[in-house]
Amino acid sequence: MNLGLSSCVFQEEPEVIWLTFDNMHHQWLLLAACFWVIFMFMVASKFITLTFKDPDAYGAKQEFPFLTTIPELEKWREEKHLPKELKPTGKVLSGNRLNQPLVHMERLELLKNVCRDAALRNLSHTAVSKFVLDRIFVCDKHKILFCQTPKVGNTQWKKVLIVLNGVFPSIEEIPENVVHDHEKNGLPRLSSFSDSEIQKRLKSYFKFFIVRDPFERLISAFKDKFVHNPRFEPWYRHEIAPGIIRKYRRNRTETRGLQFEDFVRYLGDPNHRWLDLQFGDHIIHWVTYVELCAPCEINYSVIGHHETLEEDAPYILKEAGIDHLVSYPTIPPGITAYNKTKVERYFLGVSKRDIRRLYARFEGDFKLFGYQKPDFLLN
């Protein structure tokens, strides 16, 4: 009996050893395959990085030309099965730093195409007037032009330029009352230069500005100037608001201050310009991006979006060649996100007719920068 059992054991041992070896062989093959996939992914990532972050194509101070065809962009579109017209806010690739250049190429291509649309010409084109040149701040030391678009986080970008111009050593040391004081902040406007100097800077400097959803920006302007007024600018409540109320308030028995529906009625009126002339430069807080920055006439290098500022701010600093000199101030979580609920709440008491007239005026801004038409308000 013992001999028989021993015989069975000796007969099974080679089979067990062979099975163990076979399992180990498969495990090693699987491990090798995993390492191969990881290696190929690293190679591919390096290739993509080198392709999209070509220093010649994205030089810190080089002009960003409008391209007739962008092979990488077209290939990416085909792979993702995307339509030619973009969806809102430029978030197509947000979250993936490798694709930041494509996001900005998309934005510039969209801008170029809308600028060419003859049907929108009156809403997308404007003269590069003194009003526009007054909005553009200059940093000669680093060859940067920044077009101010109020209510889109411009205070922080002004602080960045103030530091770059050497007026203060750091953003933290800049007093708040100095940022918007153009006699103390050391930020020259492009309008202060001669025609030839203006053209030289427009042609060769890095140029950028920031946008946000047009209707949400108007809500921000209304709250800041007519409700809270944190910088104590009494002329908004005591001069501008009464002028709007006199012309646009329907309920004459209403005694409250300026209401959002009065503000919308004023902005959507095709004949709003006669009041604009009375209000002067204060209108910069609610006129269109087209009127402020002339994006179809000036060849901007980058257009940042407020909704994706956390990714856009470092990208802009890097493309301008100043990321080693200054950082954009910390962005509180969620502060730049689009708030549809807030927009719906503010427009709740506004008639569809007035909303449609408002959209008709700001349609150029919606289309130039890829923001979706607010059908939830219009229909």
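Residues numbered from 1 in each chain as written. Predicted model: local features only at pLDDT ≥ 70, side-chain atom pairs only at ≥ 80, totals over all residues. Heavy atoms only, no water.

An unreviewed UniProt entry lists the protein chain under the name Carbohydrate sulfotransferase, from Phascolarctos cinereus. You can read under Sequence similarities (unreviewed entry) in the UniProt record for the protein chain the words "Belongs to the sulfotransferase 2 family." (UniProt positions renumbered as here; feature names shortened; annotations may be inferred.)

A. Structural view of the pattern of salt bridges. Applying the stated criterion across every chain, the model contains 23 salt bridges. The partner of Arg212 in a salt bridge is Glu216, and the shortest N-O contact between them spans 3.9 Å. Take Arg212 and Glu216: they sit in the same class, and that class is buried. In this structure, the salt-bridge partner of Asp262 is Arg265, at a minimum N-O distance of 3.7 Å. Within this pair, Asp262 and its partner Arg265 are both found in helix H11 (residues 260–268), separated by 3 residues, close to a single helical turn. Arg265 matches Asp262 in its accessibility class, with the two residues each being buried. Connected through shared salt-bridge partners, Arg249, Arg250, Glu261, Asp262, Arg265, Arg353 and Asp354 make up one network. (Salt bridge = Lys/Arg side-chain N within 4 Å of Asp/Glu carboxyl O. Buried < 20%, exposed > 50% of the residue type's maximum accessible area, 1.4 Å probe, protein only. Helix = DSSP H or I, 4+ residues; strand = E, 2+ residues; numbered from the N terminus.)

B. Broad picture of unusual backbone geometry. Backbone geometry places Lys151, a non-glycine residue, at a positive phi of 75 degrees. Checked against the element boundaries, Lys151 lands in the loop between strand E2 (144–147) and helix H6 (154–164). At Ala294, a position not held by glycine, the phi torsion is positive, near 50 degrees. Using a relative accessible area of 0% as the deciding quantity, one classes Ala294 as buried.

C. Up close: the pairing of E2. Of the two faces of E2, both are covered, the one formed by Ile144 and Phe146 as well as the one formed by Leu145 and Cys147. When strand E1 (residues 136–139) meets E2, the two strands line up antiparallel, connected through 4 bridges. Bridged to Ile136 within E2 is Cys147. Counting the residues between successive antiparallel strands, the hairpin from E1 to E2 contains 4 residues, one of them, Lys143, with a positive phi of roughly 55 degrees. Where E2 lies against strand E3 (residues 206–211), 3 bridges are found, and the strand directions are parallel. Paired with Phe146 across the bridge in E3 is Phe208. (Pairing = 2+ DSSP bridges.)

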